[in-house]
Amino acid sequence: MKWARENLGLALLAFGLAFALWAAAVWEENPPVERSLTEVPLAFPGLAPDHVVFERSAERVRLRLRVPRAMEGTIVPQDVEAFVNVSGLGEGAYERPVQIRVHRRGIQILEVDPPAVRFRLERLEGREIPVSIQILGQPAVGYQVGVPLPALPQVRVTGPRSRIAVAAMAVGRVRIEGARQTVETEVALEAVDSEGRVLTEVQVEPARITVTVPIEQRLGFRELPVRVNLRGRPARGYQLTEIAVDPPTVTLTGDPRRLEEVGSYLATEPIDLSEARGELIAEVPLVLPPGVALVGAPNQVEVRLRVEPILSTQVFQQVPVVVEGLRPGMIARLSPETVDVIVRGPLLYVESLQPDQLRVWVEVRDLERGTYTLTPTVTLSATVTNLSWTLIPPSLQVTLMPAPTPTRTR
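Figured I'd write up the structure that's included with this text. (Residues numbered from 1 in each chain as written. Predicted model: local features only at pLDDT ≥ 70, side-chain atom pairs only at ≥ 80, totals over all residues. Heavy atoms only, no water.)

1. Here we look at the overall build of the protein
Here is step 1 of the chain: Along the backbone of the protein there are four helices and 34 strands.
Here is step 2 of the chain: For the protein, the C-alpha radius of gyration of 44 Å lies well beyond 22 Å, the compact-globule estimate for 410 residues.
Here is step 3 of the chain: Its C-alpha atoms give the protein principal-axis dimensions of about 135 × 100 × 30 Å.
Here is step 4 of the chain: Buried positions account for 30% of the 410 residues belonging to the protein.
Here is step 5 of the chain: Put simply, 73% of the contacts in the protein that link residues at least 6 apart link residues at least 24 apart.
Here is step 6 of the chain: Total accessible area computed for the protein in this model is approximately 25,400 Å², and 51% of it derives from carbon and sulfur atoms.
Here is step 7 of the chain: On the protein, the mean spot of the 44 positive side-chain charges and the mean spot of the 48 negative ones are 6 Å from each other. (Helix = DSSP H or I, 4+ residues; strand = E, 2+ residues; numbered from the N terminus. Rg over C-alpha atoms; globule rule 2.2 N^0.38 Å. Buried < 20%, exposed > 50% of the residue type's maximum accessible area, 1.4 Å probe, protein only. Contact = heavy atoms within 4.5 Å. Areas by Shrake-Rupley, 256 points an atom, 1.4 Å probe, with all protein chains shown as cover. Lys, Arg positive; Asp, Glu negative; His and termini not counted. Charge placed at Lys NZ, Arg CZ, Asp CG, Glu CD.)

Structure below.
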């Protein structure tokens, strides 16, 4: 015991040196690094159930941390908790420090930004307020807007007592620009005061409702589709494939009785299609009945017509396949030796196409002795657009071999 008492100081010194050496080794192997956590949510524990926090000077905080390097890439916002304790506080304005609770060993807090938060506490209240629908934009010419019909005339709002006291209505907005028929849509509601200022702290329930906005045609106006008046036939072997009108509908105005007498469409002046081919674009006048006029547009429309060849199909059977590029002293055996060719293209060309205008061949110029599977090429005597073909079978076997040596006769 005497020896232990006399040497206790030396033992403690040795232990301290050993611990220092161990800590230095750990420090060097896993040195601490600084890391920032942004957007850490701020909680308010201790809040009474019938109170609410609002007018916060900050919703989230930023933290500067010191952590071991081994943890650097694994730190997440859930590792810490930022909060302001409001236990026992009544209604009023406050400024309180932000407190941090660490949920993971090894994290050291260096800085909290902001270090304190200003806020207000008020009693949570609720009541019913009317729904008001605002119309944005104008309907199409000749149409009018009826009274908007929200699915609910009133909704409930909850929030701080002072905000609920000034809540005047819940506003939803419906855009009807260019509408020609009744609009039914779902809109979001916002609580506003009597000056139209949005009360962001107030919650609306339900937050979205369905609104119906009647759109009706005004008396003395009538909207009709435009019908293109065509005469004649396209060139032989061609057909009309597309008709486009801009605008596709027009609005008429005039005496309501005159408008009722107009048919179900408004026709253009005749367009002659005789011998037409390709694309035709023209400004064409409209035929207006007496006593009516167009609204907001000149008395003509742009008509775009497309006239394209009629497509047809012809089948050529057992067309011989020619071998190209065969080396001297070599022969080729094909299996099969013929193919069927289905040609599809413009009617006039396909109907007049003859078998001797069709050539099917395979290229063997760079091939050595052996058997190959090749896809034949088709060549036609004329170049025609919109032309395609199909081979049956699509490929064949070509066997290349030396030509047999002629037998000498005595």
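There is more to say after this.
2. Thoughts on the environment of Ile 164
Here is step 1 of the chain: By the element assignment, Ile 164 lies in helix α2 (residues 161-166).
Here is step 2 of the chain: As for Ile 164 and Ala 58, which are separated by 106 residues in sequence, their C-alpha atoms are 22 Å apart.
Here is step 3 of the chain: Aside from chain neighbours lying at most four places away, what touches Ile 164 is Glu 125, Gly 126, Arg 127, Val 157, Thr 158, Gly 159 and Val 202.

3. With respect to the environment of Glu 242
Here is step 1 of the chain: Among the secondary structure elements, Glu 242 is positioned in strand β20 (residues 238-246).
Here is step 2 of the chain: Placed 66 residues apart in sequence, Glu 242 and Glu 308 show a C-alpha to C-alpha distance of 9.1 Å.
Here is step 3 of the chain: Those residues in contact with Glu 242 that sit more than four places away from it in its chain are Arg 304, Leu 305 and Arg 306.

4. With respect to the pattern of salt bridges
Here is step 1 of the chain: If you walk through the whole model with that rule in mind, you get 23 salt bridges.
Here is step 2 of the chain: Between Arg 104 and Asp 79 there is a salt bridge whose closest N-O contact spans 3.3 Å. Residue Arg 104 is found in the loop between β6 (99-102) and β7 (108-113), and its partner Asp 79 is found in the loop between β3 (60-68) and β4 (80-83); the two are separated by 25 residues along the sequence.
Here is step 3 of the chain: Taking the shortest distance from any N to any O, the salt bridge between Glu 363 and Arg 365 comes out at 3.4 Å.
Here is step 4 of the chain: Residue classification places Glu 363 among the partly exposed positions, given a relative accessible area of 37%.
Here is step 5 of the chain: Bridged by salt links that share partners, the residues Glu 55, Arg 120, Glu 122, Arg 163 and Glu 201 form one connected network. (Salt bridge = Lys/Arg side-chain N within 4 Å of Asp/Glu carboxyl O.)

5. Here we look at the side chain of His 51
Here is step 1 of the chain: Its place among the elements puts His 51 in strand β2 (residues 51-54).
Here is step 2 of the chain: In this structure the side chain of His 51 is engaged in a polar contact, spanning 2.9 Å, whose partner is the side chain of Asp 50.
Here is step 3 of the chain: Ignoring any residue separated from it by four or fewer positions in sequence, one finds His 51 in contact with Glu 91, Glu 122, Arg 123 and Leu 124. (Polar contact = N/O pair within 3.5 Å; in protein donor to acceptor, adjacent residues only side chain to side chain.)

6. Some remarks on the sheet that holds strand β18 (residues 221-227)
Here is step 1 of the chain: Read from one edge to the other, the open sheet built from four strands follows the order β22-β18-β21-β25, with strand pairing classed as mixed. Of all strands in the sheet, those with a lone pairing partner are β22 (266-267) and β25 (292-294), marking the two edges.
Here is step 2 of the chain: Inspection of the sheet shows β18 paired to β22 by two bridges, in the parallel sense. Bridge assignment links Arg 227 to a residue of β22, and that residue is Ala 267. (Pairing = 2+ DSSP bridges.)

7. Brief notes about the environment of Thr 185
Here is step 1 of the chain: If you trace the backbone, Thr 185 turns up in strand β13 (residues 183-188).
Here is step 2 of the chain: For Thr 185, a relative accessible area of 30% translates into the label partly exposed.

8. Some words on the packing of aromatic side chains
Here is step 1 of the chain: Within the structure shown, the criterion is met by two aromatic pairs.
Here is step 2 of the chain: Here Phe 44 and Phe 119 contribute two aromatic rings whose centre-to-centre distance is 5.4 Å and whose plane-to-plane angle is 70 degrees, an arrangement assigned as edge-to-face. Of this pair, Phe 44 sits in the loop between β1 (32-43) and β2 while Phe 119 sits in strand β8 (residues 116-136), and the two are 75 residues apart along the sequence. Residue Phe 44 shares its accessibility class with Phe 119, and that shared class is buried.
Here is step 3 of the chain: Taken together, the ring pairs connect Phe 44, Tyr 94 and Phe 119 into an aromatic cluster.
Here is step 4 of the chain: The ring of Tyr 265 carries Arg 227 above its face, with NZ or CZ at 4.8 Å from the centroid. (Phe/Tyr/Trp six-rings, centres within 6.5 Å; stacked < 30°, edge-to-face > 60°. Lys NZ or Arg CZ within 6 Å of the ring centre and 35° of its normal.)

9. A short note on the sheet that holds strand β10 (residues 149-150)
Here is step 1 of the chain: Read across the open sheet, the three strands follow the order β10-β16-β13; overall the sheet is antiparallel. One side of each edge strand has no neighbouring strand; the edge strands of this open sheet are β10 and β13.
Here is step 2 of the chain: Here β13 runs beside strand β16 (residues 208-213); their pairing, made up of six bridges, is antiparallel. In the sheet register, Val 183 faces β16, and the bridge partner there is Val 213.

10. With respect to the side chain of Asp 193
Here is step 1 of the chain: Relative to the elements of secondary structure, Asp 193 occurs in the loop between β14 (190-192) and β15 (203-205).
Here is step 2 of the chain: Only 2.9 Å separates the side chain of Asp 193 from the backbone nitrogen of Glu 195, close enough to count as a polar contact.
Here is step 3 of the chain: Reaching out from Asp 193, the side chain makes a polar contact with the backbone nitrogen of Arg 197 at a distance of 2.8 Å.
Here is step 4 of the chain: In contact with Asp 193, other than residues within four places in its own chain, are Val 166, Ala 168 and Leu 199.

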